[in-house]
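# An overview of the molecular structure
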Amino acid sequence: MTRNDLLFSIPLGDWVDTIIRWMMAAWEGFFDVIGEILIRIYDGIYWALATPPFWVLIIVFAAIAFFAKGWKLALATVIGFLLIYGMFQWDNAMTTLALVIESSFIATLFGVPLGILAARVRWVSQVTRPVMDFLQSMPAFVYLIPFVMIFSAGIVPGIVATVLFAIAPAVRFTELGIRQVDPSVVEASYAFGATPRRVLRQVQLPLALPTIMGGINQVIMLSLSMVVIAGMVGGGGLGNAVVASIQRVNISLGAEAGLAVVVLAIFLDRVTSAFGNKTQRAS
């Protein structure tokens, strides 16, 4: 069956293509600025991760793990990152970690305030809910297509696609956490003369922090998965190694890159989960 055989045709793909091409022409300067900012942030994070000797960073990562959850996680962190170094995947892992840090930071920077606004303004919640549904339902590979057209292949489209792919949990968990705060506590705060801004800062956000941290944990894990997929468009890091192993049918490279991704995922997940549990106990 072809399009001509249909009773009616909806050229949605053509419409999207027209919009993207119009944006490329009309907002070229804006996209150039965004791309330059993202590259500079990435360069700074990567420099901080790539400049020190590997053993210094392993000590830092182990210290973070120890502070988060204790000596067992610290020991596992040392073993895991030594394994990455021994597999000759250290540079790729640091590139991937830099991309994850930048993407997660941007997604959190925009997602948490949007979640706060959605929790406090009804129409914002009604608008963001279907948008977040759309972002979470869209296949990961599809995100790369328009941004490769706009920014060309490389790190920048991978970062932008990752931010959009990972932002939904930050918005949803923040809104959920604030809405779950006991209304009687909020009403009591207002009764004692607190302003809405003070109630948000000193009551709602502290009580919602464990839920917000759960959302940030999901943002980080989604960012890691998307950054690996972004290797298909030259995103760099372990994603490039995974793509290269597929193209060459190189089992050894695929196993090493895949295991390095697992080590990063476990480290990031355990550390952020532990900090989330700490905030929950503190509250």
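Going by the structure above, here's the rest.
Residues numbered from 1 in each chain as written. Predicted model: local features only at pLDDT ≥ 70, side-chain atom pairs only at ≥ 80, totals over all residues. Heavy atoms only, no water.

The biggest cluster of nonpolar side chains holds 79 residues, and the ones touching the most others in it are Leu49, Phe61, Phe81, Trp90 and Met94. Among residues more than four places away in sequence, those in contact with Met94 are Tyr46, Leu49, Leu57, Phe61 and Phe81. (Core = buried A, V, L, I, M, F, W, Y, C linked by side-chain atoms within 4.5 Å. Buried < 20%, exposed > 50% of the residue type's maximum accessible area, 1.4 Å probe, protein only. Contact = heavy atoms within 4.5 Å.)

Here we take up the side chain of Ser189. In this structure, Ser189 sits in helix α9 (residues 183–191). With a relative accessible area of 13%, Ser189 lands in the buried category. When neighbours within four sequence positions are excluded, Ser189 is seen to be in contact with Ala194, Val199 and Val203. (Helix = DSSP H or I, 4+ residues; strand = E, 2+ residues; numbered from the N terminus.)

Following both chains from N to C, one finds α9 and helix α10 (residues 196–229) inclined at 150°, their axes separated by 10 Å at the closest point. Judged on the interaxial angle alone, α10 and α9 are roughly antiparallel. Handedness of the α9/α10 crossing: right-handed. Residue-level inspection shows Val185, Val186, Ser189 and Tyr190 of α9 in contact with α10, the latter providing Pro196, Val199, Val203, Gln204 and Leu207. (Axes fitted to C-alpha atoms, helices over the stretch in contact; angles between N-to-C directions. Parallel < 35°, antiparallel > 145°, perpendicular 65-115°, else oblique. Left-handed = near helix turned anticlockwise from the far one by under 90°.)

What follows is about a nonpolar patch on the surface. A surface patch of nonpolar side chains, about 420 Å² in accessible area, is lined by Ile10, Leu12, Trp15 and Val16. Residue placement: Trp15 occurs in helix α1 (residues 12–26). (Patch = residues over 30% accessible without salt bridge, like charges linked within 9 Å, V, L, I, M, F, W, Y side chains within 5 Å. Areas by Shrake-Rupley, 256 points an atom, 1.4 Å probe, with all protein chains shown as cover. Salt bridge = Lys/Arg side-chain N within 4 Å of Asp/Glu carboxyl O.)

Time to look at the pattern of salt bridges. Side chains that differ in charge, positive against negative, can pair when their charged atoms come close. Across all of its chains, the model carries four salt bridges by this definition. Between Arg179 and Glu175 there is a salt bridge whose closest N-O contact spans 3.0 Å. Taken together, the positions of Arg179 and Glu175, both in helix α8 (residues 155–179) and four residues apart, correspond to about one turn of that helix. For Arg179, a relative accessible area of 45% gives the class partly exposed.

For the pair helix α5 (residues 90–120) and α10, interaxial distance at closest approach is 8 Å and the crossing angle is 140°. Where α5 crosses over α10, the two elements pack in a sense that is right-handed. For the pair formed by α5 and α10, the contact residues are Thr96, Leu99, Val100, Ser103, Ser104, Ala107, Thr108, Val112, Ile116 and Arg120 on the first element and Pro196, Leu200, Gln204, Leu205, Ile212, Ile216, Val219, Ile220, Ser223, Leu224 and Val227 on the second. Of the residues assigned to the contact of α5 with α10, the class counts are 14 nonpolar, six polar and one charged. (Nonpolar A, V, L, I, M, F, W, Y, C, P; charged D, E, K, R; others polar.)

Let us now look at the side chain of Thr96. Summarising the element assignment, Thr96 is placed in helix α5. Excluding anything up to four places from it in sequence, Thr96 contacts Leu224, Val227, Gly237, Leu238, Gly239 and Leu264.

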